[in-house]
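One letter stands for each residue in the lines below.
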Amino acid sequence: MASPGEGLPVGAEVEVDVTAFAHGGHAVARHEGQVLFVRHALPGERVRALVTSAGAGERFLRADAVSVLSASPDRVEPPCPWAVPGGCGGCDLQHVSLAGQRALKAGVVREQLSRLARLEVDVEVEAVPGDDAGLDWRTRVEFAVDDSGRAGLRRYRSHDVVPVDHCRIAAPGVDRLRVTEGSWDGAEAVDAVAPSVGEPVVVRVPEDGAGPVVRERVATSWTGPDGATVTFDRTFDVDARGFWQVHPGAAPTFLAAVMGELGVREGERVLDLYCGVGLFTAALAEAVGPSGQVVAVEADAAATDHARTNLADHPQVAVLTARVDDAFGVARPVRRGPSRRTGRPRAAARSPLVPPTADVVVLDPPRSGAGRGVCAEVARLRARVIVYVACDPAALARDTAALVEAGYRLDRLRAFDAFPMTHHVECVATFRPAEGGR
Ligand SMILES: C[S@@+](CC[C@H](N)C(=O)[O-])C[C@H]1O[C@@H](n2cnc3c(N)ncnc32)[C@H](O)[C@@H]1O
């Protein structure tokens, strides 16, 4: 035990009251001026916490709840025996009921918007249709490989590999590959992918040459601008290790949510930013028809190669291989290198493929978000509607502030539980010009 006034050392155990749940999936407790991020705990609980590591300057500590002295009504028995202190680092919330998980995630989205965008928004995290247990959904799993060639999953914040033989959130197709029974000498990792079309595939990492390509089918529907139901049914080629939503219900759910908000009409001009292999692009192209235009931007050349093939039947689509900030002529964020020393971040010239105005914009950036510079340029397009698909609530909140500052209002926010048992949550945010603001 630590003496009063001293910081708690790694290995110490302490009884704490858990008071909050923070972005990143941490339950939060305090002990004598130190903040503890406690895994396997829930707000409202009193737990015995084992300190596992100290953060920078020991201002905060990481800990595991090793015994629960007073349990939250949301606490359940984790379905996976590895989801315990010292076990697998993959899931953060197996000890929480699904309803409880969704309430925690809603709180995080609400708090980020309040803190970073000064907006008070009611948030409900919706289940992905058909997912009533939160298990057996993950169609892409990266297994780690240890020095003896054995595949498993990583311990939390560790390079150790734990021999999880049946991951409870993995899709049945991933399980059938029995990756953990193989010997993977010399591999850094092994990816198991269960696409919606065809057989599951295993990819040894690093790959020898071009990796396998898989096919994903998306069938869904939404209400179009004239009130009629629009149906969509299409397949997409994607690199087995390239970006595709990992929950089998996510792509159709997000597509319907995005298209339902946009109300795209024939002949409109649309930008699809961070387009991947063209999931949203395809539906946008169908909606604008041959008299419209869709410009799709994506940084990964392998993804844009697939997008061009996937969308070959739509001549109204132009696919641009570029970073979105480069395409808009926005200076890249300065991190390291010569620009940091001189303090002069350099911007690429704006691409001639990016039009000066657009009717509709879709953004689906990676976790880091689009950034303030890109949001300012997007606002200058004077679109009648912008839909932002976000996998990080803090980045979304920061970018919401930028769009609001540039004359838009957050018209609607939906949030989806596309990653049950983990702290991750996906948001679909709709922005329209603020009244009198533009
Ligand atoms: C969340 S995924 C969305 C993909 C696509 N909209 C979909 O639903 O399948 C984000 C995509 O952004 C791409 N990306 C990451 N950073 C980028 C950047 N700075 N500029 C353009 N694309 C980027 C990634 O390669 C990835 O395909």
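Residues numbered from 1 in each chain as written. Predicted model: local features only at pLDDT ≥ 70, side-chain atom pairs only at ≥ 80, totals over all residues. Heavy atoms only, no water.

Assigned secondary structure in the chain consists of nine helices and 20 strands. Reported as C-alpha extents along the three principal axes, the dimensions of the chain are approximately 70 × 50 × 50 Å. Every one of the 438 residues in the chain was classed for burial, and the buried ones make up 52%. Across the chain, contacts joining residues at least 24 apart in sequence account for 62% of those joining residues at least 6 apart. Carbon and sulfur atoms make up 48% of the accessible area of the chain, which totals about 19600 Å². Of the side chains in the chain, 49 bear a positive and 58 a negative charge, and the two mean positions are spaced by 6 Å. (Helix = DSSP H or I, 4+ residues; strand = E, 2+ residues; numbered from the N terminus. Buried < 20%, exposed > 50% of the residue type's maximum accessible area, 1.4 Å probe, protein only. Contact = heavy atoms within 4.5 Å. Areas by Shrake-Rupley, 256 points an atom, 1.4 Å probe, with all protein chains shown as cover. Lys, Arg positive; Asp, Glu negative; His and termini not counted. Charge placed at Lys NZ, Arg CZ, Asp CG, Glu CD.)

That bond from Val205 to Pro206 is cis: its omega, 0 degrees, falls within 30 degrees of zero. By the element assignment, Pro206 lies in the loop between β11 (201-205) and β12 (213-223). In the Ramachandran plot, Glu32 falls in the positive-phi region, its phi being about 45 degrees despite a non-glycine side chain. Residue position: Glu32 is located in the loop between β2 (26-31) and β3 (34-39). Classification of Glu32 by relative accessible area gives exposed; the value is 52%. Positive phi, normally seen in glycine, also occurs at Arg178, with a value near 50 degrees. Turning to its location among the elements, Arg178 is positioned in the loop between α2 (172-176) and β10 (189-193).

The strand order across the open sheet built from five strands is β9-β8-β7-β10-β11, with neighbouring strands paired in antiparallel fashion. Pairing within the sheet leaves two strands with one partner each, and these edge strands are β9 (161-162) and β11. The pairing of strand β8 (residues 151-154) with β9 spans two bridges and is antiparallel. Across the sheet, the residue bridging to Arg154 is Val161, located in β9. (Pairing = 2+ DSSP bridges.)

A few words on the domain arrangement of the chain. Assigned domains within the chain: domain 1 (13-75), domain 2 (140-205) and domain 3 (213-433). Computed from C-alpha coordinates alone, the two centres of domain 1 and domain 3 are separated by 37 Å. (Domains from an automatic or database assignment.)

Secondary-structure assignment places Val76 in the loop between β5 (60-70) and α1 (98-117). Relative accessible area serves as the criterion here: at 33%, Val76 is assigned to the partly exposed category. The spacing of Val76 and Ala397 is 321 residues in sequence and 31 Å in space, taken between C-alpha atoms. Other than its neighbours up to four places away in sequence, Val76 contacts Gln94, His95, Val96 and Ser97.

Here β3 lies mainly inside the structure; five of its six residues are buried. Strand direction decides the pairing type here: β2 and β3, joined by five bridges, are antiparallel. Opposite His31, over in β3, you have Gln34 as the bridge partner. Pairing of β3 with β5, which is carried by five bridges, proceeds in the parallel orientation. Each residue of the ladder has a partner; that of Val38, found in β5, is Ala63.

Take the sheet that holds β3 next. Taken together, the five strands give a closed barrel; going around it, the order is β1-β2-β3-β5-β4, and neighbouring strands pair in mixed fashion. Neighbouring strand axes in the sheet, compared pairwise and without regard to direction, differ in orientation by 50 degrees on average. Relative to strand β4 (residues 46-54), strand β1 (residues 13-22) runs antiparallel, the two sharing five bridges. Of the residues in β4, the one forming a bridge with Glu13 is Leu50. (Axes fitted to C-alpha atoms, helices over the stretch in contact; angles between N-to-C directions.)

Of all residues adjacent to the ligand, which total 15 residues, the nearest are Tyr274, Glu298, Ala299, Val324 and Asp364. A distance of 3.0 Å separates a nitrogen atom of the ligand from a polar backbone atom of Tyr274. Residue Asp364 places a side-chain N or O atom 2.9 Å away from a nitrogen atom belonging to the ligand. About the coverage of the ligand: the protein hides 86% of its 600 Å² of free accessible area. (Near = heavy atom within 4 Å. Polar contact = N/O pair within 3.5 Å; in protein donor to acceptor, adjacent residues only side chain to side chain.)

Here we come to helix α9 (residues 393-405). Along its 13 residues, α9 runs 18 Å from first to last C-alpha, staying within 8% of the 18 Å computed at 1.5 Å per residue. Most of α9 sits out of view: ten of its 13 residues are buried. The complete set of buried residues in α9 reads Pro393, Ala394, Ala395, Leu396, Ala397, Asp399, Thr400, Ala401, Ala402 and Leu403. Residues of α9 that are buried in the fold lie against α1, α8 (372-380), β18 (385-390), β19 (408-417) and β20 (426-433). Taking the backbone nitrogen of Ala394 as reference, a side-chain oxygen 2.7 Å away marks Asp392 as the first, capping residue of α9. Following α9 by one or two positions, Gly407 adopts a phi angle in the positive range, close to 105 degrees. (Expected span 1.5 Å × (residues − 1).)

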